[in-house]
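As a plain string of letters, each chain reads:
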Amino acid sequence: MTNPNSLPIETKTLLNDLRSRIRMYVLWEGLALVVVVLGTIFWLSFAFDWAYFHLSHLELPRWFRATVLITGIGLVAAGAFSWIALRLFRSFRTKALALILERRFPELDDRLITAVEASEGLVETHSPVTAAMLQRTLTDVAHTARQLDLGSVFNHRPLRRAAIVAVGLVASILGLMVVDSSAMERWVAGYLSLRDGYWPRETNLVLKVIVQPGDRVREFVDGRYRHPKGGDLSLVIEVPEGKTPPDRIRLDTRMGRGLTQIYLTPSTDHAFRHTIVGLIEDTRLWVSGGDYTHSAPYTVEVVPPPEVKQVILHSLYPAYTDLNLLENGQFVRTPNELKGSQISLPLQTDLLMEVVANKPLQRARLEGDAGADRWEIELGTSDAGLASAFIVLKSQEGRPQVRVPLPPLPAGMSTADSRMAFTIPFLLVADGATVLPSVVRAAAESGQPLTLPLPLPPDSLLRITLEDIDQIASPAPIRFAINGIVDQPPLVETKLKGIGTSITRKARIPIVGTITDDYGIASAQFDFRVDDASAWQPRLLAAPPEGEPREFTLQRSESEAFERFDVQPLDLSIKQRLTLTVAAIDDCAVPGPSPTGVPTTTAPHETAATPPTTAHRTQGLKYIFTIIPEEELLSMLYGRELGLRKRVEQIVVETKESLKDLQTQHDKLPEWSRLKSSNVSPDDDRLKAILQGLNAAADRSLHGIRKSAVENAGVELAFGEIREELINNAADTPAMLERLDVRILGPLNAINTKNFPGVDGALGLFKLALDKNTDPVGVLETSIAEMTTLIQNLERVLGEMQELARFDSVLEDLKKTIKAEMDLLEETKRKRKEKAIRALE
């Protein structure tokens, strides 16, 4: 059922037309306001950018421009949403539209609002009169609606104002595009593309770094550069071609909290240079000059330079050294870490040189000298491991001459994690300075790959330079030398024991001493020759070395700490000469060069077959002995005994003088006792004179007795040598030995071990009593008694020596008789020879 109070068609059309006009007004006004916001943002950002650049010569920071862009987009979106979307799609109720018209057109006199309420059922019509009046009102409203001017409802001034401003802003922007398109392009590049360096400049400066070695140029990557800690930072600022170079530039440097500014002038090549010495902390740099500057600083990040942490030589020594370790039946390498600037290894050592760095490496270079050539091993890596390995021969001036690739290396730089180490195999050879260049040139000419290990010259200076993955090179190469230890010949140290250089035909020559060698003694023997023979004849030792010891002592057994050479088997004649020495041979087995010039090596577990070896043979001191008759030897020995007797006589004389001195002082003791008992002052001259005499006698006696004890010990030792020489020359008899042992050596030993120490002790107590100012009578008398006993024993031994002297005179007479007989025999032979010659004539 239709509502009898529904709005007339004219009224509905009026209200719908008003609704549409409101929406159109809102749309145009919102668009104009959005354009105003866009234009305002453009001109504000443009003006701020222009002012900032002309004040600082810097582009606005990217973050600021990005903020402006995001803020502008946000403001435009917010304005479009609030000024257009919210208002455009807002619901307009019919009653509200009616109220707008009622306020604008008073002639409606609330009829329009009444008609709307009636159409919505808000007006009650209980009586016919009310209904008739309502119908009348609806008819009047419809008639009045046809005469209303809806345009007068709107206030067009805000819309016109917004539109004028929007049009003005758009026109100014379009005018800018026409008049100065580059400015618009600059704004687009700066704010929309967010590019750096969007302002055109007459001047441009490019900061670079000069790195060593080789004065290499490095550029900043994304404004960053890594520099080795402690190294000099050499900067060069260049002006690109086509740009105007400034007269000077300013370099701002910030280290930590400090900021420094310096001005630089161009050098001859129109570049600006500056060096920061010993950079140890991160640094930021700003460069400005002319109309150029940059907002983001150049950053220099200080990092540790690549350094060699360890050099380990995994060594397999030559077999003759016997230095290799044995594990599970196999010889294993011995790690030798380089400590300092040099290390020594035996020649022919097969070594793996392992170099460990402190950080991942990109390149490594090992350099050395080989005679007139220089050699260099270049290693390059990638993330996959070792990328390249070459050995290069260079002239002394550093010009490359030969470049040969190396075969696969045994270890190191094989994965990304192992880029901190590399390993190169070498063989330490004596003639490496000539062998290494020759094998490299031979490989280059033949095209054949090199064989490992490489021959390494000993004692040459090696240099290692590293470059890490940041392209930072070592500030200075590590320098070291591998010295080659030449196997030294055995050292033979010997001396004669109990024999002289004049011997009998039946002599047995004792020799004591030691033989030492670096790595082991293979054998030892006697070498001898007779008279002027040129060739040495060998004779085995009674106890030769076993097991190749490094030190060997000459001894026949535990009880005989010497080796002995028997002369009797040689059946020598009187006056013949025997030259004797001890020879030792080591186990050095360094092979000689191969026919190709490359030295061959024998593994420690193998035996050298064909290459010649260079074992060393050394002789000790050469002793020349003359064969003499037994009687002449006895005469020489007894002549030495006479000299010893004179030494003993001198000892007796000196001891008697000391005894006499003590007895003289003893005679003064009663006077000393009397003065002491009479309480004479200690400063009394008589008492002081006695004390001084006693002290002087004690000092003289102690000194004399100790001197005599040393002399007498020498006499005992000399008689012992005479005894040994008699025995070693087989010139002894039981009577001689009994006389020497019982009558001379025994008493001399007792005197040296008992009498002399007894006298020394008694004299020491005498001196102590004088120092402590106690009664010296008892100890002085004991000293006199001990010294008297000593003299008696010495005189007894001296008596035995005098008997020997008389026996020596008899022996001398016998020797003269024998000599005369031999001379007569020689004369007889001569005359018989002359007679035979005359007979033949």
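Definitions and limits used
- Residues numbered from 1 in each chain as written.
- Predicted model: local features only at pLDDT ≥ 70, side-chain atom pairs only at ≥ 80, totals over all residues.
- Heavy atoms only, no water.
- Helix = DSSP H or I, 4+ residues; strand = E, 2+ residues; numbered from the N terminus.
- Buried < 20%, exposed > 50% of the residue type's maximum accessible area, 1.4 Å probe, protein only.
- Contact = heavy atoms within 4.5 Å.
- Areas by Shrake-Rupley, 256 points an atom, 1.4 Å probe, with all protein chains shown as cover.
- Pairing = 2+ DSSP bridges.
- Axes fitted to C-alpha atoms, helices over the stretch in contact; angles between N-to-C directions.
- Phe/Tyr/Trp six-rings, centres within 6.5 Å; stacked < 30°, edge-to-face > 60°.
- Lys NZ or Arg CZ within 6 Å of the ring centre and 35° of its normal.
- Parallel < 35°, antiparallel > 145°, perpendicular 65-115°, else oblique.
- Left-handed = near helix turned anticlockwise from the far one by under 90°.
- Nonpolar A, V, L, I, M, F, W, Y, C, P; charged D, E, K, R; others polar.
- Salt bridge = Lys/Arg side-chain N within 4 Å of Asp/Glu carboxyl O.
- Core = buried A, V, L, I, M, F, W, Y, C linked by side-chain atoms within 4.5 Å.

Caption draft 1: Focus on the overall build of the protein. Helix and strand content of the protein: 13 helices and 33 strands. Considering the protein as a whole, with its 841 residues, one finds that 42% of them fall into the buried category. Of the contacts made within the protein by residues no fewer than 6 positions apart, 73% connect residues no fewer than 24 positions apart. When the accessible surface of the protein is split by element, carbon and sulfur atoms take 56% of a total near 44,900 Å².

Caption draft 2: Fine view of the sheet that holds strand β5 (residues 249-255). The five strands lie next to each other as β3-β9-β8-β5-β6, forming an open sheet whose pairing is mixed. For this open sheet the edge positions go to β3 (224-228) and β6 (258-264), each flanked by a neighbour on one side alone. Sheet twist, expressed as the mean angle between neighbouring strand axes with direction ignored, is 25°. When β5 meets β6, the two strands line up antiparallel, connected through seven bridges. Paired with I249 across the strands is L264, a residue of β6.

Caption draft 3: Expanded view of the packing of aromatic side chains. Enumeration according to the criterion identifies 14 aromatic pairs in this entry. For the ring pair F220 and Y298, a centre distance of 5.0 Å and an interplane angle of 55° mean the geometry is tilted. Of this pair, F220 sits in the loop between β2 (216-219) and β3 while Y298 sits in strand β9 (residues 298-303), and the two are 78 residues apart along the sequence. Like Y298, F220 is buried. Note on Y320 and Y519: the rings are 5.5 Å apart at their centroids and 80° apart in plane angle, and the pair reads as edge-to-face. Residue Y320 is found in the loop between β10 (308-316) and β11 (325-327), and its partner Y519 is found in the loop between β26 (508-516) and β27 (521-530); the two are separated by 199 residues along the sequence. For the pair shown, Y320 and Y519 are each scored as buried. One aromatic cluster in this structure is built from F42, W43, F46, W187 and Y191. In this structure, R403 is placed above the aromatic ring of F390, and the distance from its NZ or CZ to the ring centre is 4.0 Å. Its end group placed over the ring of F528, R539 keeps NZ or CZ at 5.5 Å from the ring centre.

Caption draft 4: A look at the pairing of β2. Examined bridge by bridge, strand β1 (residues 206-211) and β2 share four bridges and lie antiparallel to one another. In the sheet register, V211 faces β2, and the bridge partner there is R216. Once β1 ends, the chain turns through four residues before running back antiparallel as β2, passing G214 with a positive phi of about 95°.

Caption draft 5: Expanded view of the packing of helix α11 (residues 685-728) against helix α12 (residues 734-771). Contact pair α11 / α12: the axes reach a minimum separation of 9 Å and the direction vectors enclose 165°. In this view, α11 runs roughly antiparallel relative to α12, as classed from their interaxial angle. When you trace α11 past α12, the crossing you get is left-handed. Across the contact of α11 with α12, the residue classes tally to 21 nonpolar, eight polar and eight charged.

Caption draft 6: Region of interest: the pattern of salt bridges. A full pass over the atoms with the stated rule returns 34 salt bridges. Notably, a salt bridge pairs K767 with D771, separated by 3.6 Å at the nearest N-O pair. Here D771 and K767 lie together in helix α12, a separation of four residues that amounts to about one turn. Classification of K767 by relative accessible area gives buried; the value is 18%. Three or more residues are tied together by salt bridges with common partners; here these are R365, E367, R374, E376 and K394.

Caption draft 7: Quick look at the sheet that holds strand β15 (residues 350-357). Taken together, five strands build an open sheet; the order of strands is β13-β10-β15-β20-β21 and the sheet is mixed. With partners counted over all chains shown, the strands left at the sheet margins are β13 (334-337) and β21 (454-456), one partner each. For this sheet the average axis-to-axis angle between neighbouring strands, irrespective of direction, equals 35°. For β10 and β13, the ladder comprises four bridges, and the chain directions are antiparallel. Residue H314 lies in a different strand from β13, and its bridge partner there is P335.

Caption draft 8: Local environment of the nonpolar core. In terms of nonpolar packing, the biggest core is built from 47 residues, with L662, F719, M787 and M801 touching the most fellow members. Broken down by secondary-structure element, the contributors of at least two residues to this core are α9 (630-667), α10 (669-677), α11, α12 and α13 (777-840). A total of 12 residues in this core trace back to one element, the largest contributor, which is α11. Filtering out sequence-adjacent residues up to four positions away, L662 remains in contact with A697, S701, L763, F766, L780, S783, I784 and M787. In terms of nonpolar packing, the next biggest core, distinct from the first, is built from 43 residues, L345, L361, L393 and F422 among them.

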